[in-house]
Every structure is written in structure tokens, then in C-alpha cells.
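As a plain string of letters, each chain reads:
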Amino acid sequence: MPHSLKYLLLLLICFTAQQALAQQYNPQRYDPNNPNRFDPNSQYNDPRRRDTARVAGRELTGDALLDTLRKREQRAHDSVIFTSKFIRVTTEALLKDSTQLFPVDTTLANFENYSPLFQPRSPKISLSATMGLAQRSLLFEPPKTIGFDVGLHALDIYMLTPQDIKYYDSRVPVTWLSLYTAGSAEQYFKALHTQNINPNLNIGLNLNFVGSRGFYASNRVLGQNVSNVNGSFFSRYESKNKRYNLLGNIIFNNIKSPETGSILNEDIYGKTGTFDPTTEAVRLPNTFENWKSAGIYLKQSYFIGRIDTTTRTDNANVLPTQRVTYTLHYNTTKFDFLQNDVDTYHVFPDYYFSSNRSRDSLTLKHLMNDFGYSFYLRGKSNQYVKNEFKLDLGLTQDIYSYSQHVSDTVVNEYGYKQRMASQKLDGSFQNITVKGKLSYRFSDRVNLEGNVNQIVVGRNFGDFLYDAKLLLAGSNKAGRVILNAYVQSSSPSLVATRWISNHYIFNNSFANQKTTSFSFNYINEALQLDLKAEYFLITDYLYYQSQPGGVDAHPVQLSTPINLLKVSLGKNLTWRNLHFDNFIVYEKTDYQNTLRIPEVYTYSSLYYNTFLFRVLHLSGV
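Residues numbered from 1 in each chain as written. Predicted model: local features only at pLDDT ≥ 70, side-chain atom pairs only at ≥ 80, totals over all residues. Heavy atoms only, no water.

**Student:** Account for the overall build of the chain, naming residues and giving values.
**Tutor:** Within the chain, the secondary structure is distributed over five helices and 29 strands. For the chain, with 621 residues in total, the buried portion stands at 36%. Summing over all exposed atoms, the chain offers an accessible surface of approximately 37200 Å²; the carbon and sulfur share of this is 57%. (Helix = DSSP H or I, 4+ residues; strand = E, 2+ residues; numbered from the N terminus. Buried < 20%, exposed > 50% of the residue type's maximum accessible area, 1.4 Å probe, protein only. Areas by Shrake-Rupley, 256 points an atom, 1.4 Å probe, with all protein chains shown as cover.)

Encoded structure:
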């Protein structure tokens, strides 16, 4: 019965509905029999009378029409506001295992330590603490390198290398400009520009300038001023299918570092009256070192097989199952020592070729070909990698060619004596290094890996570096532990074995220097705590020994082993917007006079960090 009532109600609605019809007329068809016919001659046939909702405006002029078109184009623009979140950055080291990019750092962390000399955890020693002058590490930091080594590293931290280049993925062009200045005493300018040519190709440019005045005799003496410039052009390409990657850069360096030879006044601390270091005379006012280098670097990688992706809050990593790489690097470096002063005050022990000036130079050419293959076995996970087995195999060919010149008096083809650059030493050779890396990651909390680097053919045959590392991580509050050990055997440098210059000539034969190290590192980010203990055992240590009571020096090798213990502790304290960062290092060795390292080193930084109007980041040290 209820269903019958529904059908009856529907039938009544159909009978009571009124019929409505609509007919569209063709305005171009004239029908005189239709009372509603369209009459083209009618006065009511005016286009302006058809639309009663809109009234046509005045006719636009050229300028008004241009403004209207401009507004229409602006309304059609993309409404997305690009910020720093759309800029991603990576390095060559981050691309070794997978493709991973991170948001660019826009914080002010460590901004006050702009100088490479004043890095809190890797401080350097330099005359007058001025950028651009010769330096060395204050703490014990042995290099983990094998193979050919020239032995000149006093200006390394000012040189730009392919490993220093950062690569970007920027949806909009972006430029960074930085200027650090202390007046005429020191100036440091950095410029970086990068942009995407298309979604897969990014290019960029680096340019750095360092200018500073020497601490002594810098008044109206250009020879005591620092003038450094280096730059690079870099590019990164990634194919649409995420399988092919290309990194490329072109780098140049020009480093000028003055040498003083010490000041003439040897009684400055006992001298009464005023003392102006800028006018204090030095023994070598126009003597300096000049290092120049230029090179090209290309690295290609291709992913074979299945590609996995892990997604996190700030980045997405592309993980291959097989990977092949090829790296080409060609670099030319020239080391010049230019002495434009007569050695009146006997800064140097003696001269072999020229008594009034020195033009010592070393030119080194290096060509590297590196081949690599990687194989991965892993389980599928969208958040992190677990149960991953990885095997890396590599072969590196290094081809070197060097020549050493000094300024000498030679007899030309006409029988006249002439002072010119004369080649005294040259050589060319190659090294072939086999590399292997085996790692197993149980989860994101446990990782075990081992590295092998061995030179099997070449001048430095027998050099090796074996490294092992274990990572044990707990929760964020528990922290993580890193255990590391390595054994290294490296050949002596060219300077210590075969070296010819105007003031020093060495021809020695030394054994490889061997280093064995064990370390324990505990890191707790929740407590802002970092504790590390390191032990080093060094045999056949190579160093330079000075002449007793003289100015001469020569390389020697220590016959007994050296033991060194290094303990470092970092702890940061935070109260609201106030920060107090601390770092302390304790070093103890049984050959303190030979290694020349401090027993205790401390660093502390107190600063206030806040935001103004929620957009301006302010930090005061």
C-alpha cells in the first residue's frame, strides 16, 4: 500500500506540470509568415540593445590597451611564491651511493667563523692570523691519503678543489653575495650564482677574492700584501628517468702569499716607546709565494636495473641496484717562489745558483681516470634502507708529469752569460690503484663497512689504506656510537726525497710512513653532546729538523714509533634564545717536541639567536 501511494503521487505531479518549449531562430533567415520573424531593417536590430546586462564602454587608446593587456598577462602568471625551499643542494660525496639533494641552509650557524683559519674543530696556525698566509694545523690531523705527494701544503686551505664544489637544483635563479671586511687589514668577498636551464640541467658560477695586508712592513709595501682569487664554473645534469647523472666543473686558483723572513728588530719586547708593526722593517720585504692552478673535472654515473626511492620529510633519495661511474680529471699546478730581495740578513743558509734573487718553480700536471662499479642488494622500504648489502669496486689511473726550474746563469748559443730559468729536475710516471668497499646495513641503526685502497702498479707501489667503521644508533635520546679503525702506509713527499731549489737541495731515500689508528665517537643530538677518543701509532715519522744555532733545515725520519692520545669533547648549552657552544681537546704524546701540538685546546662561543618580525633572522656573538 505505501508503494501504491508513491506511484499515485508521481502520476499527479506529471499531470499538473506545465509544458515549456524553446525555439532558436537563425538571425540570418528571414520568414515573413512568422509573427516573431527577424526583420533586418528593424530599428530594434541594434547590437547594443541585445545585452541589457552590460553596457559597452569607451574605445581604448593604445596606452590603455597596453595596460589592459599587461594586467591580463599578470593575472595569468603562476601564483606560486618561490622561496629557499625550492632550492636543493648536493655535493659529490653525497652522490657516491645514491642521488640525494637537501634544502639549502639558510641559518646563521657558524657564520662568524668565516675564515678557514678559525674553524672551531679544525683550527690553523698562521702568522698574524691573517687569511692568505702560510699555515698549518694546530691540532694533530694526519692526512688519510696515499700515492704521489709534492709535499707543499702551506696554502692548501685557500685552494678551490672539485670536492669543494656544491651542486644545486634551483627552480629560480639565485645569487649569494658575502663580504667580510676588517677595513684595509682584511677583506673577503664571495659570490655564487646558480640557475636551472631546464628541469634537468643546472649551471652555476663561484668567485672568491681575498685581500689582506701583512702584519709587518705593510705600509706602502705591496710585496707584503695578500692577493688571492679563485673561481669555478660548475654544472649538474640528471636525465628524466633519474638514471644518468653528470657533474662537471672548471676551476682556477691564483694564490699570492708574502714571506717576511722575520723583522729586523729582535728586541721589540724590551723596547720602550711606541711600536707600529706596519712600519717595522722585515728582512724580505718583496718576497712571496705564488701558486696557480687550473683544471677540468667530469664525473658520469649511470644506474642499471631497478631503482628504489626512499622518501623523508626534507628529501627523496634515488637508490640504484647497479651503478657504473667514470671520472676524468685534468689539472695543472705551478708553485713559484719569487725572491726579489738580496739576502743581506742571511735568512737562507746558502745559495746554489743565484746570489741576489730566486726564481724557484715546480710545474705539476695530473691526469686521472677513475672507473667504478657498484652492486646493491636491499629490501624494499619507503622510509629508510634496511638489510642492504653493497659492494663497490674501482680502478684509478693517475698519470703525473713534473718539472722543476731555478734561475741560473747559463751560456747562450752566442757564448754570452745569461740569467734565465733553467730546468734542473723532471719526471713522469703513473700509479694504478685498486679500490674496494664492502658494507652491510642491517637497518638505519646498524651499519658496518670496510674500505680497501691499494696501489698495485707505479712509482708509489705498496702504498695502502685499509679502513673499517661500525655504526650503532639508538633512539634520539640514546644517541649513536661510531667505531673506526684504519691502517695506512704512504710514500714520502717529493720535497723530502728529490728537491732542487736555489737554497735547498735534497736527495734522500726514506721508508713509508705508517699510521695505525683506533677511535670511539659518541654523539647525542638531544643532549648536544659529542665525545671522541682517538689513539694513533706512527712509525717512520718524517719531519724537518733545524740546524742547531743556524738557519738550515733538512728532512729526517724518526726511527722509534710515536704514540698519541687525542680526546675531544663538544657540549652546547641553550637557554631560550641564548646559546653557549663549547669544544675542548686534550692531546698527549711521547714526542711533544717533534709533533709540536698543544696539550689542551679550548673553544667557546656565546651568542643570542632570534627572529625579528618572524622573518628576519638575527644572531649576535
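From this point, the discussion proceeds with the structure in view.
**Student:** I'd love a proper account of the nonpolar core, names of residues and values included.
**Tutor:** In this structure, F148, I255, W291, L362, L364 and Y402 are the most contacted members of the largest nonpolar core, which totals 22 residues. Within the residue set of this core, elements represented by two or more residues are β14 (358–377), β15 (388–411), β16 (417–441), α4 (494–497) and β20 (498–500). The element contributing the most residues to this core is β15, with three residues. In this structure, I255 is in contact with L155, Y158, M159, S227, N228, E289, N290 and W291, ignoring residues within four places of it in sequence. (Core = buried A, V, L, I, M, F, W, Y, C linked by side-chain atoms within 4.5 Å. Contact = heavy atoms within 4.5 Å.)

**Student:** Can you tell me about the side chain of T321, naming the residues and giving the values?
**Tutor:** Along the polypeptide, T321 turns up in strand β13 (residues 316–339). Within the structure, the side chain of T321 is placed 3.1 Å from the backbone oxygen of I304, a separation counted as a polar contact. A polar atom in the side chain of T321 sits 2.9 Å from the backbone oxygen of R306. Residues within four places of T321 in sequence aside, it is in contact with I304, G305, R306, D308, S374, F375, Y376 and R378. (Polar contact = N/O pair within 3.5 Å; in protein donor to acceptor, adjacent residues only side chain to side chain.)

**Student:** Quick one: what's the story with the pairing of strand β9 (residues 201–213), residue by residue and with numbers?
**Tutor:** Along a regular strand, successive side chains alternate from one face of the sheet to the other. Of the two faces of β9, only the one carrying N202, G204, N206, N208, V210 and S212 is buried; L201, I203, L205, L207, F209, G211 and R213 on the other face are not. Of the strand pairs in this sheet, strand β8 (residues 186–198) and β9 are connected by 12 bridges, and their pairing is antiparallel. Along β9, the bridge assignment pairs F189 with F209. Between β8 and the antiparallel strand that follows it, β9, lie two residues. (Pairing = 2+ DSSP bridges.)

**Student:** Lay out the sheet that holds strand β2 (residues 102–103) with the relevant residues and their values.
**Tutor:** Taken in spatial order, the three strands of this open sheet run β2-β1-β6, and their pairing is antiparallel. Lying at the two open borders of the sheet, with one neighbouring strand each, are β2 and β6 (166–170). Both strand β1 (residues 87–91) and β2 contribute to a ladder of two bridges, which runs antiparallel. By the bridge assignment for β2, V89 is matched with F102.

**Student:** If you had to explain the pattern of salt bridges to someone new, which residues and values would you point to?
**Tutor:** Side chains bearing opposite charge may pair, as long as their charged atoms lie close to each other. Overall, the coordinates contain 13 salt bridges when judged by the stated rule. In this structure, K390 and D97 form a salt bridge, with 2.7 Å as the shortest nitrogen-oxygen distance. Note that K390 is positioned in strand β15 and D97 in the loop between β1 and β2, a separation of 293 residues in sequence. K390 gets classed as buried once you look at its relative accessible area, which sits at 5%. The class for D97 is partly exposed, based on a relative accessible area of 29%. Close ionic contact of K390 with D392 constitutes a salt bridge, the shortest N to O distance being 3.9 Å. Comparing K390 with D392, the two get one shared label, buried. Shared partners join several salt bridges into a network, and the residues in it are D97, K390 and D392. (Salt bridge = Lys/Arg side-chain N within 4 Å of Asp/Glu carboxyl O.)

**Student:** An account of the packing of aromatic side chains is requested, with residue identities and associated values reported.
**Tutor:** The description of an aromatic ring pair uses the distance of the two centres, along with the angle that the planes make with each other. Per the counting criterion, the structure on display carries 22 aromatic pairs. Ring centres 4.9 Å apart and planes at 80° place the aromatic pair W291 and F335 in the edge-to-face group. Residue W291 is located in strand β12 (residues 287–311), and its partner F335 is located in strand β13; the two are separated by 44 residues in the primary sequence. Looking at W291, the relative accessible area reads 2%, which means it is buried. Judged by relative accessible area, F335 falls into the buried class, the value being 11%. Centroid distance F337 to F348: 5.9 Å. Interplanar angle 80°. Geometry classified as edge-to-face. With F337 in strand β13 and F348 in the loop between β13 and β14, the pair connects residues that are 11 residues apart, well separated along the chain. Look at F337 and you get buried, because its relative accessible area is 17%. Overall, F348 belongs to the buried group, its relative accessible area being 13%. (Phe/Tyr/Trp six-rings, centres within 6.5 Å; stacked < 30°, edge-to-face > 60°.)

**Student:** Break down a nonpolar patch on the surface for me, with residues and values.
**Tutor:** Residues Y302, I304, V324, Y373, L391, L393 and L438 make up a contiguous nonpolar surface patch of about 550 Å² in total accessible area. Counting residues per element, the ones that place at least two in the nonpolar patch are β12 and β15. As for its placement among the helices and strands, L391 is situated in strand β15. On the basis of relative accessibility, which here comes to 30%, the residue L391 falls in the partly exposed class. (Patch = residues over 30% accessible without salt bridge, like charges linked within 9 Å, V, L, I, M, F, W, Y side chains within 5 Å.)

**Student:** Can you break down the sheet that holds strand β3 (residues 118–119) residue by residue, with the values?
**Tutor:** Here three strands make up an open sheet; going across it, the order is β3-β4-β5 and the pairing antiparallel. Single-partner strands in this sheet number two, and they are β3 and β5 (135–137). Of the strand pairs in this sheet, strand β4 (residues 122–126) and β5 are connected by three bridges, and their pairing is antiparallel. Bridge pairing links K124 to S137 in β5.

**Student:** Can you tell me about unusual backbone geometry, naming the residues and giving the values?
**Tutor:** Phi at D540 is positive, roughly 55°, even though this residue is not glycine. Examined against the element boundaries, D540 turns out to sit in the loop between β23 (529–539) and β24 (542–546). For D540, a relative accessible area of 22% corresponds to the partly exposed category. Positive phi outside glycine occurs at R576, with the angle close to 55°. By the secondary structure assignment, R576 is in the loop between β26 (562–575) and β27 (578–589). By relative accessible area, which is 69% here, R576 ends up exposed.

**Student:** Can you lay out the confidence of the model for the chain for me, pointing to particular residues and giving the numbers?
**Tutor:** Of the residues in the chain, 80% have a pLDDT of 70 or more, and the chain-wide mean is 83. Confidence drops under pLDDT 50 across residues 16–38; counting only partners more than four residues distant or on other chains, this segment forms 10 contacts. Counting contacts from residues 47–55, a segment whose pLDDT is below 50, to residues more than four positions away or on other chains yields two contacts. (pLDDT = per-residue confidence, 0-100.)

**Student:** Kindly report on the environment of S439, identifying the contributing residues and their values.
**Tutor:** Here S439 shows up in strand β16. For S439, a relative accessible area of 7% translates into the label buried. Once residues lying within four places of it in the same chain are set aside, the contact partners of S439 are E388, F389, K390, L448 and E449.

**Student:** Describe in detail the environment of K242, supporting the description with residues and values.
**Tutor:** Its location among the elements puts K242 in the loop between β10 (225–238) and β11 (244–259). Overall, K242 belongs to the partly exposed group, its relative accessible area being 37%. In the structure, K242 is positioned 76 residues away from V318 in sequence and 7.6 Å away in space, judged by C-alpha atoms. Not counting chain neighbours up to four residues away, the residues in contact with K242 comprise F303, I307 and V318.

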